[in-house]
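Examination of the molecular architecture
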Amino acid sequence: DAGVTQSPTHLIKTRGQQVTLRCSPKSGHDTVSWYQQALGQGPQFIFQYYEEEERQRGNFPDRFSGHQFPNYSSELNVNALLLGDSALYLCASSLSGSDTQYFGPGTRLTVL
Amino acid sequence: GEDVEQSLFLSVREGDSSVINCTYTDSSSTYLYWYKQEPGAGLQLLTYIFSNMDMKQDQRLTVLLNKKDKHLSLRIADTQTGDSAIYFCAETYDTGTASKLTFGTGTRLQVTL
């Protein structure tokens, strides 16, 4: 039973560019949440997707957008990258009706 | 409001017990979680406790919840070098449409020989 998978594992971009990160949820899960973890900090909630709709959003600008596909996988898009967007981006999946979230290994984004 | 606080660092000797503490402010929390993060890795769910419970034990792990003081602790018995990692507590509350996790800043556990 595969857990949560994310791709790519590492990514280097320059300021102003755009990036897309991908996540496949744990088998049987239908809800995907995205978190940003800056160095030395705890993860911060970006948004959550269920039934291909954004259900809740944290305190992140509109440059951060997402999508969920019919197979429950998800993408996180960040436009107009800033140096401060450098972080570990974590995807978590859960089953709707359950609060327990399982995390993937993350994508390390470096913005130069 | 939501705020979760943890001490930054804890050092213990192998074989001793570790106790990692966490305080939270949101009294409407439904579940409280402990996650473990090893260097360069994602978060591993260790255990969780429902907000109407006082204690939960799972092998070497014991979670204690004092809801009156909004204090959560994780005790690791017989701490091993493989337990060295950053430990995050997190709270969640059901908004009716979604549940987001609010994390503390993490406690780095160092296990010495």
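Everything here concerns the structure above.
What you see is a predicted model, and the numbers here were worked out from it, not measured in a lab. (Residues numbered from 1 in each chain as written. Chains lettered and ligands numbered in written order. Predicted model: local features only at pLDDT ≥ 70, side-chain atom pairs only at ≥ 80, totals over all residues. Heavy atoms only, no water.)

**Quick look at the side chain of threonine 62 of chain B**
To keep it simple, the criterion reads: Per the convention used, a helix needs a DSSP run of H or I reaching at least four residues, while a strand needs a run of E reaching at least two, with both numbered from the N terminus. Contact between two residues is taken to exist if any of their heavy atoms lie within 4.5 Å; hydrogens are not considered.
One can find threonine 62 of chain B in strand S7 (residues 61-66). Setting aside its immediate chain neighbours within four residues, threonine 62 of chain B contacts Met55, Lys56, Gln57, Ser73, Leu74 and Arg75 of chain B.

**Some thoughts on the layout of surface pockets**
Where empty space is left in the structure can be found by rolling a water-sized probe over the atoms. Inclusion rule: Using only the protein atoms, space was sampled on a 1 Å grid; points where a 1.4 Å probe fits but cannot get out form cavities, open sets with protein on both sides within 12 Å along at least five of seven lines form pockets, and lining residues are those with an atom within 4 Å of a point. Grid points are joined across faces, edges and corners, and a volume is the space filled by probe spheres set on the points. Under the convention adopted here, Pro, Cys and the residues Ala, Val, Leu, Ile, Met, Phe, Trp and Tyr are nonpolar, Asp, Glu, Lys and Arg are charged, and Gly plus all remaining residues are polar.
Put simply, the largest pocket is a space of about 410 Å³. Along the walls of the largest pocket sit 24 residues, with Gln37 and Gly40 of chain A together with Gln37, Ile86 and Arg108 of chain B positioned nearest its centre. Elements with a contribution of two residues or more to the lining of the largest pocket: strand S9 (85-94) and strand S11 (107-112) of chain B. When residues of the lining of the largest pocket are assigned to their parent elements, the largest contribution, 4 residues, is made by S11 of chain B. Taken together, the residues that form the lining of the largest pocket break down as 11 nonpolar, 10 polar and 3 charged. Lining of the second largest pocket is provided by 17 residues; of these, Pro43, Gln44 and Phe45 of chain A together with Thr102 and Phe103 of chain B occupy positions nearest its centre.

**Things to note about the interface of chain B and chain A**
Which entries qualify depends on this criterion: Once two parts are brought into contact, the accessible area they lose, counted with a 1.4 Å probe and summed over both, makes up the buried area. In the sections that follow, a salt bridge refers to a side-chain nitrogen of Lys or Arg positioned within 4 Å of a carboxyl oxygen of Asp or Glu. The definition of a polar contact used here is a pair of N or O atoms within 3.5 Å, where within protein one atom must be able to donate a hydrogen and the other to accept one, and adjacent residues in sequence count solely through side-chain atom pairs.
Across the boundary between the two partners, chain B contributes 21 residues, which contact 19 residues of chain A. Between chain B and chain A lies a buried interface of about 1,600 Å² when both sides are counted; carbon and sulfur atoms form 51% of it. If you look at where chain B meets chain A, you find 0 salt bridges. Summed over the shared surface of chain B and chain A, the number is 4 residue pairs in polar contact (both at pLDDT 80 or more). For the side of chain B that touches chain A, the secondary structure elements donating two or more residues are strand S4 (31-37), strand S5 (43-50), S9 and strand S10 (99-103) of chain B. Residues that form the side of chain B that touches chain A fall into these classes: 11 nonpolar, 9 polar and 1 charged.

**What about the state of the cysteines?**
All names here are of chain A. Worth spelling out the cut-off: Here, the term disulfide refers to a pair of cysteine sulfur atoms separated by no more than 2.5 Å. Three labels apply to residues, based on accessible area from a 1.4 Å probe with only protein chains included: buried if under 20% of the type maximum, exposed if over 50%, partly exposed otherwise in between.
Scanning all chains against the criterion turns up 2 disulfides over all chains. With its sulfur 1.8 Å from that of its partner, cysteine 23 forms a disulfide with cysteine 91. Classification of the bridge connecting cysteine 23 and cysteine 91 rests on its S-S torsion, roughly -55 degrees, and on that basis the disulfide is left-handed. Here cysteine 91 lies in strand S9 (residues 87-94) and cysteine 23 lies in strand S3 (residues 19-24), a separation of 68 residues in the sequence. For cysteine 23, a relative accessible area of 2% translates into the label buried.

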